[in-house]
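Topology and contacts: notes
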Amino acid sequence: MNDSPAHTDAPVLDVWCELQCPDCRSALDDLRALRARYGDRLELRLRHFPLEKHKHAFAAAQAAEEALEQGKGWEYVEAVLGRVEELDRGGEPFLVEVARELGLDAEEFDTALVDGRHILIVDADQAEGKAIGVTGTPTYVIGGERLDGGKSQEGLRERVAEIADRLLAEQA
């Protein structure tokens, strides 16, 4: 998921994430810092990896795709991740409420969660994640390297930046 049109040749940072995951919430500062540092020179893509232990994660992934379709994907992701405990308690009605708070079409969100229009995207992300060895969230993939943030996020932002700088230098 990517809200902004990036240069087609920009390096891609795939962020395997789950919206009910406290570790992913912790990673938001790193993602904000990377976006601030690189702007559109680095394409950040949210990839869905809902974990079975979180009962609302699959619905949250679908909701994030609906937010993307309505033009506020990352804003929605940040809003939901910032309130993980409320998602734990509130489930799908909470997801629709966040959409309403952000000025999105909440009725369309509700319909999307019922009709499952985004399930295939979420399933495809999860299958691809499993295929490349993602086991937890957050996990980053950039330049063919997988960095697991679920174990420790210590030094991850710097590692991602090193790889991005190298990829950008190779393009120059």
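Now for a quick tour of the structure.

Axis angle and axis distance: for two packed helices, these are the angle between their axes and the distance between the axes, and together they describe the pair. The contact between helix H4 (residues 84-101) and helix H5 (residues 106-115) brings their axes to 8 Å, and the two run at 150°. It follows from the interaxial angle that H4 and H5 lie roughly antiparallel. The handedness of the crossing between H4 and H5 is right-handed. On H5, the residues touching Glu-92, Leu-95, Val-96, Ala-99 and Arg-100 of H4 are Ala-106, Phe-109, Asp-110 and Leu-113.

With that settled, the discussion passes to the packing of aromatic side chains. The tally for this structure, following the rule as stated, stands at one aromatic pair. Consider the rings of Tyr-76 and Phe-109, whose centres lie 5.2 Å apart with planes at 40°: the pair is tilted. Here Tyr-76, found in helix H3 (residues 73-81), pairs with Phe-109, found in helix H5; they are 33 residues apart in sequence, far enough to count as distant. As far as the burial class goes, Tyr-76 and Phe-109 line up, both buried. Across the ring face of Trp-74, the terminal group of Arg-35 is positioned such that the distance to the ring centre comes to 5.1 Å.

For the rest of this paragraph, the subject is empty space enclosed by the protein. Evaluated as defined, the whole model comprises two cavities of 30 Å³ or more. Taken together, Cys-17, Glu-18, Leu-19, Leu-46, His-48, Phe-49, Pro-50, Ala-57 and Ala-61 form the lining of the largest cavity. For the lining of the largest cavity, the elements supplying multiple residues, two or more each, are strand E2 (43-48) and helix H2 (57-69). Residue composition of the lining of the largest cavity, grouped by class: seven nonpolar, one polar and one charged. Volume-wise, the second largest cavity comes out at about 30 Å³. The wall of the second largest cavity is formed by Val-15, Cys-17, Cys-24, Ala-27, Leu-28, Leu-31, Trp-74, Val-77, Leu-81, Pro-138 and Tyr-140.

Leu-13, Tyr-76 and Tyr-140 are the most contacted members of the largest nonpolar core, which totals 46 residues. If we ignore the near neighbours within four places in the chain, the residues touching Tyr-140 are Leu-13, Asp-14, Val-15, Ala-27, Leu-31, Glu-145, Arg-146, Leu-147, Leu-156 and Val-160. Counting residues in each nonpolar core, the second largest holds five residues, with Trp-16, Leu-51, Val-134 and Val-141 among its members.

Read across the sheet, four strands follow the order E2-E1-E3-E4 without closing on themselves; strand pairing throughout is mixed. Edge positions in the sheet fall to E2 and strand E4 (145-148), since each has one partner strand and no second. Strand after strand, the sheet turns through a mean of 20° between neighbouring axes, direction not considered. Two strands pair when backbone bridges link them, and strand E3 (residues 139-142) and E4 are joined in this way by four bridges, in the antiparallel orientation. Within E4, the residue paired with Val-141 across the bridge is Arg-146.

Turning to the pattern of salt bridges, a few remarks are in order. This structure, assessed with the given rule, holds 20 salt bridges. Between Arg-35 and Glu-78 there is a salt bridge; the shortest N-O distance is 2.7 Å. Placement of Arg-35 in helix H1 (residues 22-38) and of Glu-78 in helix H3 is noted, with a sequence separation of 43 residues between them. Note on Arg-35: relative accessible area 28%, which makes it partly exposed. For Glu-78, a relative accessible area of 18% gives the class buried. Residues joined by salt bridges that share partners form a network here, namely Asp-14, Arg-45, Arg-47, Asp-125 and Glu-128.

Quick notes on the rules
Residues numbered from 1 in each chain as written. Predicted model: local features only at pLDDT ≥ 70, side-chain atom pairs only at ≥ 80, totals over all residues. Heavy atoms only, no water. Axes fitted to C-alpha atoms, helices over the stretch in contact; angles between N-to-C directions. Helix = DSSP H or I, 4+ residues; strand = E, 2+ residues; numbered from the N terminus. Parallel < 35°, antiparallel > 145°, perpendicular 65-115°, else oblique. Left-handed = near helix turned anticlockwise from the far one by under 90°. Contact = heavy atoms within 4.5 Å. Phe/Tyr/Trp six-rings, centres within 6.5 Å; stacked < 30°, edge-to-face > 60°. Buried < 20%, exposed > 50% of the residue type's maximum accessible area, 1.4 Å probe, protein only. Lys NZ or Arg CZ within 6 Å of the ring centre and 35° of its normal. 1 Å grid on protein atoms, 1.4 Å probe; cavity = no way out; pocket = protein on both sides within 12 Å on 5 of 7 lines; lining within 4 Å. Points joined across faces, edges and corners; volume = space filled by probe spheres on them. Nonpolar A, V, L, I, M, F, W, Y, C, P; charged D, E, K, R; others polar. Core = buried A, V, L, I, M, F, W, Y, C linked by side-chain atoms within 4.5 Å. Pairing = 2+ DSSP bridges. Salt bridge = Lys/Arg side-chain N within 4 Å of Asp/Glu carboxyl O.

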